[in-house]
Amino acid sequence: MGSSSLAYSFSTQKLSFLSNLNTSSKPTSSPASSLVVFRRINTTNSLSQKGPSTKNENSSKLPIRKIPGGHGIPLISPVKDRLDYFYFQGRDLYFASKVQKYKSTVFRANMPPAQFISTDPKVIVLLDGKSFPVLFDMDKIEKKDVFTGTYMPSTELTGGYRVLSYMDPTEPSHAKLKQLIFFLLGARRDKVIPEFRNSFSELFKTVETELAANGKADFGAPSDQACFNFLMRALYGANPVDTKLGTDGPKLVSKWILFQIGPLLTLGLPWFLEDALIHTFRLPPCLVKKDYQRIYDFFCEASSWVLDEGEKMGIKRDEACHNLVFTTCFNSFGGMKLFFPNMVKWVGRSGPQLHRKLADEIRSAVKSNGGKITMGVMEKMPLMKSVVYESLRLEPPVSAQYGRARRDFVIESHDSAFEVKEGELLFGYQPFATRDSRIFDKAEEFVPERFMGEEGEKLLKHVLWSNGRETDDPALSNKQCAGKDFVVLASRLLLVELFLRYDTFESESAKSALGVSVTIKSLKPASS
């Protein structure tokens, strides 16, 4: 999922003061990343790496302003900022305080992990919905080795290969590897819905059993198992439970992901111990080598038919296999692991009134289709679709996007324009950009009907979770998530399955290292 770093947990804070910020005022003084069969895919690969500026490139009607902020004292300031970011302020307040200080949603700052993992923490931060989308413009932005931001995990974690997520579209291997993902998605299109239903039926049975025994049930672990089983069954026709992998897949993958994005996480340890353990030095890849080998061996066997196709495209079998592991486990499983509990959290908080509306809409549409769930019938569920998009807007599974300027250009916020120089690294924090009150009414609130109707659908261009606009298509020449529509489909299916089975449910949630943990407190079986 996505072509930038995975979301990491953050504590949502009310930032309504941002809507009152006069970003056009003078600055204060400052110190020293569609399922190919669901949507048309653009398979052209033309891209100007150093395209010339157009005549209107630098003719912004907004006042040109020097980018405020700074990076402080080398070595010392990046570490202080890292501690503020993770512990003393927290991610949201770290950004919000700088917006207040500089009177701008575009500014210079340091991003963790800094030394000794990252050699250069300096970035230009983009926090509004107008400036953020420049990160999708491949004429201006280079995406080489910026998937996880200011550092790149060891390739020992991916078989010695730089995988697709770390490649820029101008690199020769990018188009071939992304085309292989398109091939995989297209070849297995008919298996997605039935395998999702089978896998998530197991989830709901597990939750019901635990709920009956203990009066409450964890959603996260059964969801992880269901997501992993679904992906392997739907995409590769293999049931991991019937292999040497057994039920260990989610645990092995989660550990492997930790070794890659640990420098961006907080695990709840004492801050001084945690910062030294995962933010200052890399975790040794050798500690997860055997776990990764088990996953890789499963993929080598299950995906042999995909690897055959890869060879026809000129991709070595081992390179193709390592890329399939990364795309399926890191991008897809990792994204679903983060997003599904968040969506259940928001829907659970909304209560019985929304649940009844969703149940009525979903059941009526399915009944009118003879009881069959298809992509077509889900298009007739506007409220359900809007709930998925609203969940993606509020807590996108891909929260951070990075890109390096290919050339000099001018970027615009709502109130000012800024000159960016070739080679500078830009960072966009999506939970701020997609809660921009200059774009969305009640931007901090979960509004289930937000994307319904003609006016609501116009807002979809501001849903940015997939390393592109929701209204855009993944292509060989861009970094938008190849499985964008696959993820949206799976998210819709989760709501459909949930409200075909239950009238309403109660849940509670708490922060976790990789997002949110959800506990189901009650389930009321469907009455009609």
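Structural data are supplied above this passage.
A short tour of the structure in this document, coming up.

The rules we used
Residues numbered from 1 in each chain as written. Predicted model: local features only at pLDDT ≥ 70, side-chain atom pairs only at ≥ 80, totals over all residues. Heavy atoms only, no water. Patch = residues over 30% accessible without salt bridge, like charges linked within 9 Å, V, L, I, M, F, W, Y side chains within 5 Å. Areas by Shrake-Rupley, 256 points an atom, 1.4 Å probe, with all protein chains shown as cover. Salt bridge = Lys/Arg side-chain N within 4 Å of Asp/Glu carboxyl O. Helix = DSSP H or I, 4+ residues; strand = E, 2+ residues; numbered from the N terminus. Expected span 1.5 Å × (residues − 1). Buried < 20%, exposed > 50% of the residue type's maximum accessible area, 1.4 Å probe, protein only. Pairing = 2+ DSSP bridges. Contact = heavy atoms within 4.5 Å. Axes fitted to C-alpha atoms, helices over the stretch in contact; angles between N-to-C directions. Parallel < 35°, antiparallel > 145°, perpendicular 65-115°, else oblique. Nonpolar A, V, L, I, M, F, W, Y, C, P; charged D, E, K, R; others polar. Core = buried A, V, L, I, M, F, W, Y, C linked by side-chain atoms within 4.5 Å.

Nonpolar side chains collect at one region of the surface, where Phe88, Leu267, Leu269, Trp271, Phe272, Leu273 and Leu277 lie side by side and expose about 680 Å² of accessible area between them. You can see Leu277 is positioned in helix α7 (residues 271-279).

This paragraph deals with helix α5 (residues 220-236). What sets the pattern is the α-helix's 3.6 residues per turn: residues three or four places apart point alike. Along its 17 residues, α5 runs 24 Å from first to last C-alpha, staying within 8% of the 24 Å computed at 1.5 Å per residue. Within α5, 15 of the 17 residues are buried, leaving the element largely enclosed by the surrounding structure.

Now for the sheet that holds strand β10 (residues 515-525). Spatial ordering of the open sheet is given by β4-β10-β9, a layout of three strands whose pairing is antiparallel. Because the sheet does not close on itself, it has two edges, and the strands there are β4 (217-218) and β9 (502-512). Its contacts with the sheet place helix α16 (residues 484-501) against β9 and β10, and it is angled at close to 130° to β9.

Once that is clear, we can look at the pattern of salt bridges. Side chains carrying opposite charge are able to pair once their charged atoms draw close together. The full count for this structure, using the stated rule, is 34 salt bridges. Two residues, Arg233 and Glu202, come together in a salt bridge whose shortest N-O distance is 3.3 Å. Remark: Glu202 occurs in helix α4 (residues 192-214) and Arg233 occurs in helix α5; sequence separation between them is 31 residues. Using a relative accessible area of 9% as the deciding quantity, one classes Arg233 as buried. The class of Glu202 is partly exposed, set by a relative accessible area of 36%. We note a salt bridge from Glu449 to Lys357, for which the minimum N-O separation is 3.9 Å. Residue Glu449 is located in the loop between α14 (430-433) and α15 (453-458), and its partner Lys357 is located in helix α11 (residues 352-368); the two are separated by 92 residues in the primary sequence.

Contact geometry of helix α1 (residues 76-88) with helix α2 (residues 91-102) gives a least axis separation of 6 Å together with a crossing angle of 120°. Put simply, α1 runs oblique to α2. Taken together, the residues of α2 that come into contact with α1 (itself represented by Asp81, Asp84, Tyr85 and Phe86) are Arg91, Tyr94 and Phe95. Among the residues forming the contact of α1 with α2, the class breakdown is four nonpolar, no polar and three charged.

Note on soluble globular proteins: their nonpolar side chains tend to be buried together. Counting 114 residues, the largest nonpolar core has Phe200, Phe230, Trp256, Phe299, Phe340 and Met378 as its most contacted members. Setting aside anything within four residues of it in sequence, one finds Phe299 in contact with Met232, Tyr236, Ser304, Cys321, Leu324, Val325, Thr328 and Cys329. Among the nonpolar cores identified, the runner-up in size contains 20 residues, and Tyr94, Leu127, Val146 and Leu425 belong to it.

Next up on the list: unusual backbone geometry. A cis amide bond links Pro112 with the next residue in sequence, Pro113, at an omega value of 20°. The topology assignment puts Pro113 in the loop between β1 (106-110) and β2 (122-126). A cis amide bond links Gln115 with the next residue in sequence, Phe116, at an omega value of 10°. With respect to the helices, strands and loops of the structure, Phe116 is situated in the loop between β1 and β2.

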